[in-house]
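The lines below spell out each chain.
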Amino acid sequence: MVRWGMVIDLDKCTACQACVVACKAENNIPIGSEAEQAAGRQISWMDLIVKNSEGRVAMLPRPCMHCDNPPCVQVCPVGATFRREDGIVDQDYNRCIGCRLCMVACPYGVRYFNWREPSWPDTYLEYLNPTVPVRPAGVVEKCTFCVHRITRLKRDISTGNVPTAIAKVTKNNMSLEEKTSKAVDTLMRRLIMKSDEVERADPEDLWIDFDFRELNYLPSCVRSCTGRALIFGDLDDPESLVSQMAKSKRAFRLFEELGTNPKVIYLQEGR
Amino acid sequence: MEVGYNKYYNPGGFSRIAYATLGILIIVIALALHAWLQQLTQGLAVTGLNRPVVWGIYMANFVFFISISMSGTFISSVMRLLSLEWGKPITRIAEVITVGSLLMAALNILFDVGGLFRALIYIPLFGRIQSPVGWDVIVLLFYLLTGLGYLHVALIPDIAVMAGKESRFSWLYSLLRYDWRGDKDQLHLLESGLKILAIVTVPVAVMMHTVTGWIFGGMKAVSTWNDAIMGPYFIIGALLSGLSLVIITSAIIRWRFALHEVIPDRTFINLGKMLLVFLLGYLYFMLAETFTVRYAAVSEDIRVSEFSWTGPYSPLTWYVLASLVIASVVLLIPRLRTYKAVIAMSAAVLPAMWVKRVLIVLPGLIHHDSLPTVQSALPQYTPTYVEFLLTAGSFAGLALILLLFVKLFPVLPVWEVFGVQKTKTEPTTNISLRAVLTGWMSGILITTAYVAVWAASTIIFAGENSAVTYSVKLAPTAIQVLSIPELATTAMFNLLIIVALAGVLAILFVRRRG
Ligand code: SF4
Ligand code: SF4
């Protein structure tokens, strides 16, 4: 079984907000005005939490926590938000009736309501992402861990249309889920590889005809994180990078006491 | 004597005041409809709602209308079960308030959702029993069913008398009288039917308000909401606001219909005593709530509490407290407890209770930003004119329902107050009273059985995290086919089928009898 999760290493996060922008571009999030921002109607699936403690300002990137025990799913009257078998808490925009019960139930405030029809400047329209639906007014939306990218990876694996490094780690006796999990882990390790490691590495592992676009199977925020602070992967696979990092002594999760079991794990800053 | 109460069977034409009221109500409703249209076309952007204040006045209205619905069927069934003679004349008014306010409550939820038509279709189709909305829809349906049944059945003897009179609506009356002739057997049947409905109503009413309280009580994310007190708190609040509306309405009706003999001052003073009990109870609950928050002093809860007691919302809180305390003091002193004082105090309590509903919804939500982000704004909420218009419109709607009712039907349950009359004309329909009663009963029974089966099936087939049952398949092209258990768990879809079935059964039953 796959259980997608994310580790956020606060030591590496520079609060540059690249993830925030990347998320907005990837997921067709309407561009809000300043007035909307002041009215509290800005949509931003990925955002930076500002924590003021003892005169120090801390910034925490905040996607949806994809709780294993999600209160938002519990309260939804029509099942428009649901926990997929791979652990992603997804949102069915065509089902959502916009009652906003889930927004009240979510302790992390990661859910956003479409107060108006989405709109973009004309020049922007042709850059909208065709693989992500545009949401109409009156529905709730939130981070999906770029579920469309995972779906695309799955499709490409099952059709055998993947780079050699991925083909190497996916053995035939694995289920599609396991293959996807291994593939994501490979991509993830490749993404965070430092330049000296790249020099030392076996060229086969780097898939010589390497195309940076392959990394776009990873969630948009992870792909564009400048400090490489976001690590995505399968928490159920003990060998994956993400589950190894999640075992760190610095690991903590937000509002653990609420029993929501978030799958986004933060690594505390070492001081 | 005959002449004495015959006049109640002539609800009669519109006086100038009634016309003026009607005009004002229609104007307000028209404005509200315009505002609603605006909201439907432009989205909820026309309201003052935002993040984190995702619920506002609509939600407060919903809770308020639900709470005043307590007045009617509950209070009148308690009066029936305890055989309180003095309360009889006001039971009908109370029942109409129940039905009207339940409709307005449902309407306010529809104002609140982002997709009106989706809500109307998807909740019956895909409703989940794990969601507070599921409970609320079920209980609301039940309450409406019992409330309507109660009102309808209790009307039959009076309508039968009216059917014999010349009037523009005599077709309606002769249709609704069924085969009522007013003999002993029928009276006995009617009274036992009403008694059963009264017994059914009490638990339904209790659950209605409890469940509404649990919408808030079950939300662990919002400080001060997650509290076991919510269910009982809502019940006592409902009793209080419901009763005060009944007092006000009865006073108006007594004035307009010159019912001073039927509803004497004594009745109001008795109602005032009931109101006092509820007032003291409510104050006690307020104390209990505030004590817990203040003494335990969880920092998030304290933030909310300070916001409403000493912060920006303090005028509202103190206004509520002052009204309730003044009302209790006035009603506590026997010398001050005149019928005028009772009416005045109810008029003071009712708006305070509405403000209190706002105070339940807003301060918690305004502090529902435990993780403020770079892009989140300062939490604030200013309702716009659309919200105010729709609020005014729903109050006007309730008033309109009341006005039309008292113009069409007797405001008093005349047969209960003055004794049953033999009807002068013969019934024209062959639908028997027994069939009508059986229809209501079987409707309620089958719905009950069905909801139980539905709940059990959701739990057995799907479990608490049944959301997977509803998940779309991973590949977006795959068409989702529902299996039988999945269909069974698509909840209220089946509920609707069963209600329809109950209707068919009732009709069949009637046919056979006829
Ligand atoms: S973080 Fe909020 S939206 Fe995401 S799964 Fe948890 S409760 Fe749901
Ligand atoms: S707003 Fe949509 S997703 Fe959220 S609880 Fe309501 S129907 Fe479900």
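A brief report on the enclosed structure follows. (Residues numbered from 1 in each chain as written. Chains lettered and ligands numbered in written order. Predicted model: local features only at pLDDT ≥ 70, side-chain atom pairs only at ≥ 80, totals over all residues. Heavy atoms only, no water.)

**Digging into the overall build of chain A**
- When helices and strands are counted, chain A shows 10 helices and 10 strands.
- In summary, chain A has a C-alpha radius of gyration of 19 Å against a globular reference of 18 Å for 271 residues, a match within 12%.
- By principal-axis analysis of the C-alpha atoms, chain A measures approximately 55 × 45 × 40 Å.
- Carbon and sulfur atoms provide 51% of the accessible area of chain A, an area that totals close to 11,400 Å².
- Taking the 36 positively charged and 36 negatively charged side chains of chain A as two groups, their mean positions are separated by 3 Å. (Helix = DSSP H or I, 4+ residues; strand = E, 2+ residues; numbered from the N terminus. Rg over C-alpha atoms; globule rule 2.2 N^0.38 Å. Areas by Shrake-Rupley, 256 points an atom, 1.4 Å probe, with all protein chains shown as cover. Lys, Arg positive; Asp, Glu negative; His and termini not counted. Charge placed at Lys NZ, Arg CZ, Asp CG, Glu CD.)

**A short note on the environment of Val140 of chain A**
Residues and elements named next belong to chain A.
- Tracing the chain through its elements places Val140 in strand β7 (residues 140-141).
- C-alpha of Val140 to C-alpha of Gly160: the two residues are 20 residues apart in sequence and 36 Å apart in space.
- For Val140, the contacting residues outside a window of four places in its chain are Gln91, Tyr93, Cys96, Cys102, Met103, Arg111, Tyr112 and Phe113. (Contact = heavy atoms within 4.5 Å.)

**Thoughts on the sheet that holds strand β9 (residues 251-252) of chain A**
Residue and element names in this part refer to chain A.
- With mixed pairing, the four strands of this open sheet are ordered in space as β8-β1-β10-β9. In the strand order of this sheet, the two ends are held by β8 (230-234) and β9, each with one partner.
- As defined by bridge partners, strand β1 (residues 4-9) adjoins β8 across five bridges and the pair is classed as antiparallel. Pairing of Met6 across the sheet is with Phe232, part of β8.
- Of the strands in this sheet, β1 and β8 touch helix α7 (residues 176-191), which is tilted by about 160 degrees from β8. (Pairing = 2+ DSSP bridges. Axes fitted to C-alpha atoms, helices over the stretch in contact; angles between N-to-C directions.)

**A few points about the site of ligand 2**
- Around ligand 2, the structure places Cys76, Pro77, Val78, Ala80, Gln91, Cys96, Ile97, Gly98, Cys99, Arg100, Cys102 and Val140 of chain A.
- Grouping the constituent residues of the shell around ligand 2 by class yields nine nonpolar, two polar and one charged. (Near = heavy atom within 4 Å. Nonpolar A, V, L, I, M, F, W, Y, C, P; charged D, E, K, R; others polar.)

**Brief notes about the interface of chain A and chain B**
- Contacts between the two partners involve 62 residues from chain A and, on the opposite side, 50 residues from chain B.
- When chain A packs against chain B, the two sides together hide about 4,600 Å² of surface, and 58% of this comes from carbon and sulfur.
- Its largest share of buried area at the contact with chain B, chain A owes to Ile97, Val104 and Trp115 of chain A, together 15% of the area lost on that side.
- Put simply, chain A and chain B have one salt bridge between them. (Buried area = accessible area lost by both parts, 1.4 Å probe. Salt bridge = Lys/Arg side-chain N within 4 Å of Asp/Glu carboxyl O.)

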